[in-house]
Amino acid sequence: TPSGDFLPDDSGFALATSSTSTPAKLSSVPKGEGSEASAADKASVREACGKRVKVSRMTWWTTDAQLEELFSDCGTGPVRITFEEDRANGKSRGIAVVDFADRETAAKALDKGGVEVNGQALQLDIVPDAHKQGGAG
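Residues numbered from 1 in each chain as written. Predicted model: local features only at pLDDT ≥ 70, side-chain atom pairs only at ≥ 80, totals over all residues. Heavy atoms only, no water.

**Here's the deal with the pairing of strand 5 (residues 78-86)**
- Of the pairings in the sheet, the one linking strand 5 to strand 6 (residues 92-100) comprises 6 bridges and is antiparallel in character. Residue pairing in the sheet places Arg80 in a bridge with Asp99 of strand 6.
- In textbook terms, the turn of a hairpin is the stretch between consecutive antiparallel strands, and for strand 5 and strand 6 this stretch comprises 5 residues, one of which, Gly90, has a positive phi near 75°. (Pairing = 2+ DSSP bridges. Helix = DSSP H or I, 4+ residues; strand = E, 2+ residues; numbered from the N terminus.)

Structure below.
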């Protein structure tokens, strides 16, 4: 199970950086017809992309080593991987935030959406930059 230093959040869950490793089981999942984004759509997403990607729909036993392997061909790979863990049992909630060195690498990582790790097709989403979200200031 992923474990590490816990970082409290307001949701009643803890965030932890994993330090456990097991061999990765990766395979591609074919995308459904009509799910391919146009080149213009991809360019737009890459331009708006932050340096963080949310990975969801993971098994609770997915490790940082498996995510590092998955993203290893995306530029420099991940800088930091933070798993959301349930405070009650310490198990991963199946969600991680992966930080990359730059926006271009994070945008390349989005192309890994739908890849299977431990039998689960992963969902990848952009985590918007905080300064682009607006708010009081």
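**Things to note about the pattern of salt bridges**
- Within this structure, the stated rule accounts for 5 salt bridges.
- Put simply, Arg52 and Asp99 hold a salt bridge, and the shortest N to O gap is 2.5 Å. Here Arg52, found in strand 4 (residues 52-56), pairs with Asp99, found in strand 6; they are 47 residues apart in sequence, far enough to count as distant.
- With relative accessibility at 32%, the residue Arg52 sits in the partly exposed group.
- A salt bridge links Asp73 to Lys112; the shortest N-O distance between them is 3.0 Å. In this pair, Asp73 is assigned in the loop between helix 2 (64-70) and strand 5 and Lys112 in the loop between helix 3 (103-109) and strand 7 (116-117), connecting sequence segments 39 residues apart.
- Residue classification places Asp73 among the exposed residues on the basis of a relative accessible area of 55%.
- Judged by its relative accessible area of 17%, Lys112 falls in the buried class.
- The network of salt bridges with shared partners includes Arg52, Arg80 and Asp99. (Salt bridge = Lys/Arg side-chain N within 4 Å of Asp/Glu carboxyl O. Buried < 20%, exposed > 50% of the residue type's maximum accessible area, 1.4 Å probe, protein only.)

**What about the side chain of Thr62?**
- Relative to the helices and strands, Thr62 is located in the loop between strand 4 and helix 2.
- Owing to a relative accessible area of 0%, Thr62 belongs among the buried residues under this scheme.
- One polar contact links Thr62 to Thr59, side chain to side chain, over a distance of 2.8 Å.
- Polar contacts involving the side chain of Thr62 include one to the side chain of Asn118, which spans 3.3 Å. (Polar contact = N/O pair within 3.5 Å; in protein donor to acceptor, adjacent residues only side chain to side chain.)

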